[in-house]
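Okay, here's what each chain looks like letter by letter:
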Amino acid sequence: MKQFALLVFLTMMLSGPVAAQGIVTAVPEDIDPAALYVFYLPDEIVTPANPEPRHPDHGVYQYLQIANQLMTRGFVVVTRPRETTEHPYLVAEDIARQIRRLLDAGVPATNIGILGAGQGAAITVLVTTQLRDPGLQVVVLSLCTESFIDFWIAHNETLCGNVLSIHADGDKDRGPCHRYLEHGATAHVREHREMRIAGNAGFQFRASAEWLLPAIEWLRGNHAAVTETGLKPPEVRKPE
């Protein structure tokens with residue numbers, strides 16, 4: 001019942017009549033093997049009771065706008081706010097099970113993306129550890145601390161797939177994931193990149209083109225379009 005209520009809420013809040021087709025709380029029964037799928041895992045501040053909360057330092061979490069941006073770029077967006085009582089490992093098991101359904105239905109791993117922010121990024125680690133599929137498209141926002149990296153390495157929790165890590169250069173708590181990505185690169189990480197953006201913590205709260213556009217290109221498999229500082233500028237050609 002909660003999932004149905006949330007889907008109605010999302011549909012009402014997002015623009016356009018196709019929202020119900022593009023944003024779902026779970027993988028649909030009728031799976032299109034040619035579609036692009038992204039699982040969007042917001043930070044823990046986003047809950048079913050308050051899907052767009054206000055943070056005292058970072059402002060409103062623009063969860064619905066972010067989901068809408070992903071949908072309008074052609075993705076089937078699988079997302080739902082999580083109850084604070086839901087255990088991260090159980091959430092990860094559920095998402096991994098849904099991704100296996102897509103794979104079993106013939107969806108290529110390269111057409112499946114995971115976008116995780118904050119605690120949602122930490123859950124992304126658990127999801128990819130279960131799947132161990134190097135073909136997935138993965139974007140993590142504000143993920144890494146040195147203590148987290150040490151814990152994940154010690155417990156054999158690894159990011160897998162093509163991984164883009166985005167952090168703010170002014171965030172004193174969450175920084176680069178380079179050491180962690182290098183650790184997994186020998187076995188499960190096919191391609192990885194570390195991207196930094198100007199500013200402080202909380203950029204993942206905003207539906208900002210600065211991080212969203214590079215993330216979308218990465219999730220679409222256009223890895224070459226993303227640099228350490230954002231999207232490559234468009235190539236300028238002289239007219240014929």
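Higher on the page you've got the structure.
Asks: Teacher, can you tell me more about the packing of helix α4 (residues 88-104) against helix α5 (residues 119-131) here?
Replies: Packed helices, taken two at a time, are described by their axes: the angle between them and the distance between them. For the pair α4 and α5, interaxial distance at closest approach is 8 Å and the crossing angle is 55°. Judged by the angle between their axes, α4 and α5 are oblique. Remark: the crossing between α4 and α5 carries right-handed chirality. For the pair α4 and α5, the contacting residues are Pro88, Tyr89, Val91, Ala92, Glu93, Ile95, Ala96, Ile99 and Arg100 in the first and Gln119, Ile123, Leu126, Val127, Gln130 and Leu131 in the second. Counted by class, the contact of α4 with α5 contains 11 nonpolar, two polar and two charged residues.

Asks: When you look at the packing of helix α3 (residues 63-72) against helix α8 (residues 209-219) in this model, what are you seeing that I'm missing?
Replies: Packing of α3 against α8 leaves a shortest axis separation of 11 Å and a crossing angle of 40°. Accordingly, the angle class assigned to the pair α3 and α8 is oblique. Relative to α8, the crossing made by α3 is right-handed. Residue-level inspection shows Ile66, Gln69 and Leu70 of α3 in contact with α8, the latter providing Trp211, Leu212, Ile216 and Leu219.

What counts, and where the lines are drawn
- Residues numbered from 1 in each chain as written.
- Predicted model: local features only at pLDDT ≥ 70, side-chain atom pairs only at ≥ 80, totals over all residues.
- Heavy atoms only, no water.
- Axes fitted to C-alpha atoms, helices over the stretch in contact; angles between N-to-C directions.
- Helix = DSSP H or I, 4+ residues; strand = E, 2+ residues; numbered from the N terminus.
- Parallel < 35°, antiparallel > 145°, perpendicular 65-115°, else oblique.
- Left-handed = near helix turned anticlockwise from the far one by under 90°.
- Contact = heavy atoms within 4.5 Å.
- Nonpolar A, V, L, I, M, F, W, Y, C, P; charged D, E, K, R; others polar.

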